[in-house]
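If you want the building blocks of each chain, they are given just below.
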Amino acid sequence: MGYTLNFAVIWANLDKLLSGLALGLGLALGAVAMGTVIGLIGGFASVGPSKLGRRIAGAYVTVIRNLPILVIVLLAYFALPEYGIRLDKVQSFVASLAIYAGAYLTEVFRAGLVSVPKGVVEAGRAIGLTRFQISLYVVMPIMLRNALPALGSTFISLFKDTSIAAAIAIPELTFQARKINVESFRVVETWIVASGLYIATCLVIAAGLRSLERRFPKF
Amino acid sequence: MELHVRPLLQIQTLHKRFHDVEVLKGVNLEVREREVVSIIGSSGSGKTTLLRCVNLLEEFDSGQILLDGESIGYRIGGDRRRRLSDRALSRQRSMTGMVFQSFNLFPHLTAAGNIMLGLRKVRRLPKDEARSIAEKWLGRVGLSQRADHYPSQLSGGQQQRVAIARALAMNPKLVLLDEITSALDPELVQEVLLTVKSLAEEGSTLLIVTHEMRFARDVSHRVVFMEQGQIAEQGPPAEIFGNPKSPRLAEFLRSARS
């Protein structure tokens, strides 16, 4: 006897999967927002004039990129309380993911910054813009445009990485799917639907990013 | 009665070295208001570096540059000199305009946006006023119809004319033009040179580094020949091109012609 597909239980629990999906998106969004701030600081530091700044940014990227995301999450959730830093599950996960994302985004922004032509910066200086104004009105927009494709794939990876949150019992999509699986024994159906939801969401994010890219002028 | 007019730009015994190569070896040059001065010379003679020192894109080691009587880049007290703060440098840079060989337009801004950025952020003009100044200058360089085009949608010659408009719109006391036709296809050179010529005729003060000898001859009041970090010869274009005194200038002109 083969396995007969029966999706009835899954459809009955679809609201849980969808709420898990929404929570996952929320986690990713929070991590992206914080990670972008970290990445911008890290990116500017890694091409900046301060040697100390470049060293710190380099060390941060090296350490974080050589750690599995699950280890970072567990470290933050289980080890930090030993030092009196108590965060709830969601806070600790978003912070972990943000720190993880920040390392990758530091590299993305660094590459974007390096790609800004030197002459354009000089043109900004020549008309009398200050260093800060040049960063804000000239370097940042060009860098973001150049970094947009890499940013997009990082954002999509981050969304997928929210499944790691299941490891500390945050009820996002993977956690919900596992629960339904355990309760209903519909192994195949559960993971097919969960996979479909992940794929569909990633495709929607990718399409959104592409249309954003098209709205920027080409150069 | 003799009228003494202080030169707009005074470059005095300017020295500049890159590591152990001395690029400028005591350059003295004065430019009066409304004067058009072209600097010619082979590559490596220091002419571009000289221009970049005037716009403070390069630091220099000794000597001084006065613009309208104000010491540029450094505060000199007694025998000490200190580089000015970033903010003071920015203010001084806005007194000169610079047009680059490679245009260097801001790629994320339209033609009008390129011109407006400095007007808005440096001169702090309101948006509509900046826009109307930008449109006026785009008209002056013959690009009224291209105000909302991005640089990537413009030809090289058009980009360079936008760059000229961007520099001029800031109302600088002095405009520096650094080999502005060198990166252009031959058929686009003329439109840019005609634009510069019209600026010269309207009384802008221009300091030009160029490889276009015919243009230097047509547009300048005075031509300066630089050789190995020094000014080797200068004079009215007719003399420089018609009756070069130093053998090196004669040699340079011969090789430039061929």
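Calculation criteria
The residue numbering used here restarts from 1 in each chain and proceeds along that chain's sequence as written. Whichever chain is written first is A, and whichever ligand is written first is 1; the rest continue in order. This being a predicted model, a pLDDT of at least 70 is required before a residue's local features are given, and a value of 80 or more before pairs of side-chain atoms are given or counted; all residues contribute to the totals for chains, interfaces and linings. Computation of side-chain values: all heavy atoms of the structure, hydrogens and water removed. In this description a helix means any DSSP run of H or I spanning at least four residues, a strand means any run of E spanning at least two, and both kinds are numbered starting from the N terminus. Summary of the burial criterion: residues with accessible area below 20% of their type's maximum are buried, those above 50% are exposed, and those between are partly exposed, where the area comes from a 1.4 Å probe applied to protein chains only. Inter-axis angles, ranging from 0 to 180 degrees, are taken between N-to-C directions of lines fitted to C-alpha atoms, where helices are fitted over the stretch in contact. Roughly parallel here means an angle under 35 degrees, roughly antiparallel means over 145, roughly perpendicular means 65 to 115, and every remaining angle is called oblique. Handedness of a helix crossing follows the sense of rotation of the near helix relative to the far helix, less than a right angle counterclockwise being left-handed and clockwise being right-handed. In this analysis, two residues are considered to be in contact whenever any of their non-hydrogen atoms come within 4.5 Å of each other. Basically, the charged four are Asp, Glu, Lys and Arg, the nonpolar ten are Ala, Val, Leu, Ile, Met, Phe, Trp, Tyr, Cys and Pro, and anything else, Gly included, counts as polar. Whether two strands pair depends on DSSP finding at least two bridges between them. Buried area counts how much accessible surface, traced with a 1.4 Å probe, disappears from two parts once they are put together, with both parts' losses summed. We define a salt bridge as a contact between a side-chain nitrogen of Lys or Arg and a carboxyl oxygen of Asp or Glu at a distance within 4 Å. Distance and chemistry together define a polar contact, namely a pair of N or O atoms within 3.5 Å, with one atom able to donate a hydrogen and the other to accept it when in protein, and with adjacent residues in sequence counting only for side-chain atoms on both sides. UniProt positions are given in the numbering used here, feature names are shortened, and annotations may be inferred rather than shown by experiment. Any residue with an atom within 4 Å of a point lines the site, the site being either a cavity, points on a 1 Å grid over the protein atoms alone where a 1.4 Å probe fits but cannot get out, or a pocket, an open set with protein on both sides within 12 Å along at least 5 of 7 lines. Grid points are joined across faces, edges and corners, and a volume is the space filled by probe spheres set on the points.

## Let's talk about the overall build of chain A
Secondary structure summary: chain A contains 9 helices and 0 strands in total. From first element to last, N terminus to C terminus, chain A shows the α and β order α-α-α-α-α-α-α-α-α. Considered along the principal axes of its C-alpha atoms, chain A spans approximately 75 × 45 × 25 Å. Taken across its 219 residues, chain A has 42% of its residues classed as buried.

## Comments concerning the packing of helix α2 (residues 14-46) of chain A against helix α7 (residues 131-161) of chain A
Residues and elements named next belong to chain A. Two numbers describe how α2 lies on α7: the axes approach to 11 Å, and their chain directions differ by 140 degrees. Considering the angle they form, α2 stands oblique to α7. Of the two elements, α2 crosses α7, and the hand of that crossing is right-handed. Where α2 abuts α7, its residues L21, G24, L25, A28, V32, T36, L40 and F44 lie against S135, V139, M140, M143, F155, L158 and F159. Class assignment of the residues belonging to the contact of α2 with α7 gives a composition of 12 nonpolar, 3 polar and no charged.

## Focus: the sheet that holds strand β11 (residues 222-227) of chain B
Within a sheet, each strand pairs with its neighbour through backbone hydrogen bonds, oriented either parallel or antiparallel. All names here are of chain B. Across the sheet, which stays open at both edges, the 6 strands sit in the order β8-β9-β10-β3-β11-β12 with mixed pairing between neighbours. A single partner strand is all that each edge strand has here, and the edge strands are β8 (96-99) and β12 (230-235). Across this sheet, the average inter-strand angle for adjacent strands is 20 degrees, counted without regard to direction. Note that strand β3 (residues 36-40) and β11 share 4 bridges and pair parallel. Residue pairing for β11: V37 is matched across the bridge by R222. The strands touched by helix α1 (residues 47-54) are β3, β8, β9 (174-178), β10 (206-209) and β11; relative to β9, the strand with the most contacts, the crossing angle is about 150 degrees.

## Overview of the interface of chain A and chain B
Of the residues lining the interface, 20 residues belong to chain A; the matching set on chain B comes to 25 residues. When the area that chain A buries against chain B is broken down by residue, the three leading residues are A:R125, A:A126 and A:I127, summing to 28%. The interface formed by chain A and chain B contains 2 salt bridges. Between A:R131 and B:D86 there is a salt bridge, with its nearest N and O atoms 3.7 Å apart. Connecting chain A to chain B are 6 residue pairs in polar contact (both at pLDDT 80 or more). For the side of chain A that touches chain B, the secondary-structure elements that each account for two or more residues are α6 (118-126) and α7 of chain A. A per-class count over the side of chain A that touches chain B returns 11 nonpolar, 5 polar and 4 charged.

## Section: the sheet that holds strand β1 (residues 9-18) of chain B
Residues and elements named next belong to chain B. With antiparallel pairing, the 4 strands of this open sheet are ordered in space as β2-β1-β4-β5. Two strands close off the open sheet at either side, each with one partner strand: β2 (21-31) and β5 (70-71). Packing against the sheet, α1 makes contact with β1, β2 and β4 (62-67), and its axis sits at approximately 115 degrees to β1.

## Remarks on the UniProt feature "domain: ABC transmembrane type-1" (unreviewed entry) in chain A
Using the residue numbers shown here, the UniProt feature "domain: ABC transmembrane type-1" (unreviewed entry) corresponds to residues 21-209 of chain A. The span residues 21-209 of chain A shows a helical share of 81% and a strand share of 0%, and its end C-alpha atoms are spaced 19 Å apart.

## Examining empty space enclosed by the protein
By rolling a water-sized probe across the atoms, one finds the places where empty space is left. Counting across every chain of the model gives 1 cavity of 30 Å³ or more. Taken as a whole, the largest cavity holds about 40 Å³ of empty space. If you trace the largest cavity, you find it lined by A:A123, A:A126, A:I127, B:G97, B:M98, B:F100, B:A163, B:R166 and B:A167. At the level of elements, α6 of chain A together with β8 and α5 (156-169) of chain B are the ones that each hand at least two residues to the lining of the largest cavity. Taken together, the residues that form the lining of the largest cavity break down as 7 nonpolar, 1 polar and 1 charged.

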